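# Residue-level structure breakdown
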Amino acid sequence: QVQLVESGGGLVQPGGSLRLSCATSGNIFKIYTMGWYRQAPGLQRELVATITNAVSSNYADSVKGRFTISTDNAKNTVYLQMNSLKPEDTAVYYCNAVLQSGRWSLPQAYWGQGTQVTVSS
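Residues numbered from 1 in each chain as written. Predicted model: local features only at pLDDT ≥ 70, side-chain atom pairs only at ≥ 80, totals over all residues. Heavy atoms only, no water.

We now examine the overall build of the protein. A count of helices and strands for the protein gives zero helices and eleven strands. Seen in sequence order, the protein has helices and strands lined up from the N terminus as β-β-β-β-β-β-β-β-β-β-β. Relative to its length of 121 residues, the protein is compact, with a C-alpha radius of gyration of 14 Å against a globular reference of 14 Å. When its C-alpha atoms are laid out on the principal axes, the protein stretches across 50 × 25 × 25 Å. Among the 121 residues that make up the protein, the fraction classed as buried is 41%. Considering only intrachain contacts with a sequence separation of at least 6, the fraction spanning at least 24 residues in the protein is 54%. Here the protein displays about 6600 Å² of accessible surface, and carbon together with sulfur accounts for 48% of that area. Distance from the positive charge centre (9 side chains) to the negative charge centre (6 side chains) of the protein: 8 Å. (Helix = DSSP H or I, 4+ residues; strand = E, 2+ residues; numbered from the N terminus. Rg over C-alpha atoms; globule rule 2.2 N^0.38 Å. Buried < 20%, exposed > 50% of the residue type's maximum accessible area, 1.4 Å probe, protein only. Contact = heavy atoms within 4.5 Å. Areas by Shrake-Rupley, 256 points an atom, 1.4 Å probe, with all protein chains shown as cover. Lys, Arg positive; Asp, Glu negative; His and termini not counted. Charge placed at Lys NZ, Arg CZ, Asp CG, Glu CD.)

Whether parallel or antiparallel, the strands of a sheet pair through hydrogen bonds between backbone atoms. Ordered in space as β1-β3-β8-β7, the four strands form an open sheet in which the pairing is antiparallel. Two strands bound the open sheet, and with one partner strand each, they are β1 (2-7) and β7 (67-72). For this sheet, the mean inter-axis angle between neighbouring strands, taken without regard to orientation, is 15°. The pairing of β7 with strand β8 (residues 77-82) spans six bridges and is antiparallel. Paired with Asp72 across the bridge in β8 is Thr77. (Pairing = 2+ DSSP bridges. Axes fitted to C-alpha atoms, helices over the stretch in contact; angles between N-to-C directions.)

A few words now on the nonpolar core. By size, the foremost hydrophobic cluster in this structure holds 30 residues, and its most contacted members are Trp36, Leu80, Met82 and Tyr93. Those elements giving two or more residues to this core turn out to be β1, β3 (18-26), β4 (30-39), β5 (46-52), β7, β8, β9 (91-100) and β11 (115-119). Not counting residues within four places of it along the chain, the set of residues in contact with Met82 comprises Gly16, Ser17, Leu18, Leu20, Arg66, Phe67, Tyr93 and Val117. (Core = buried A, V, L, I, M, F, W, Y, C linked by side-chain atoms within 4.5 Å.)

Cysteine pairs can be linked by a disulfide, which is a covalent bond between their two sulfur atoms. One pass over the structure, following the stated rule, counts one disulfide. With a sulfur-sulfur separation of 2.1 Å, Cys22 is cross-linked through a disulfide to Cys95. For the disulfide bridge between Cys22 and Cys95, the dihedral angle about the S-S bond is near -85°, and by the sign convention the bridge is left-handed. Taken together, the residues span a long stretch of sequence, with Cys22 in strand β3 and Cys95 in strand β9 at a distance of 73 residues. (Disulfide = S-S within 2.5 Å.)

So this is what it looks like as structure tokens:
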């Protein structure tokens, strides 16, 4: 079984910073992509940032220059450093990993439970 556990959400003032973490555990043979998505009330879940093979990163236009995604491969953990936060960044942030749980398994997508980020004065 694979588990993704997020941490680091909370309440922050506009212009502030937060760092989200997502630790992946369980049966992991190979991780291909890890990423962060978010969902605000009444809206669809959207991509925030992804990182593939711990090297190639991709960001939504709305967060470019403010957010940075990174990984610690030894810990199977992905981070999202969020700076210059805006009220429109308020959402539940979900961690995602595409990985093989075994040598002969097909890659599958797994999700964390989500962590709330609220940007408000």
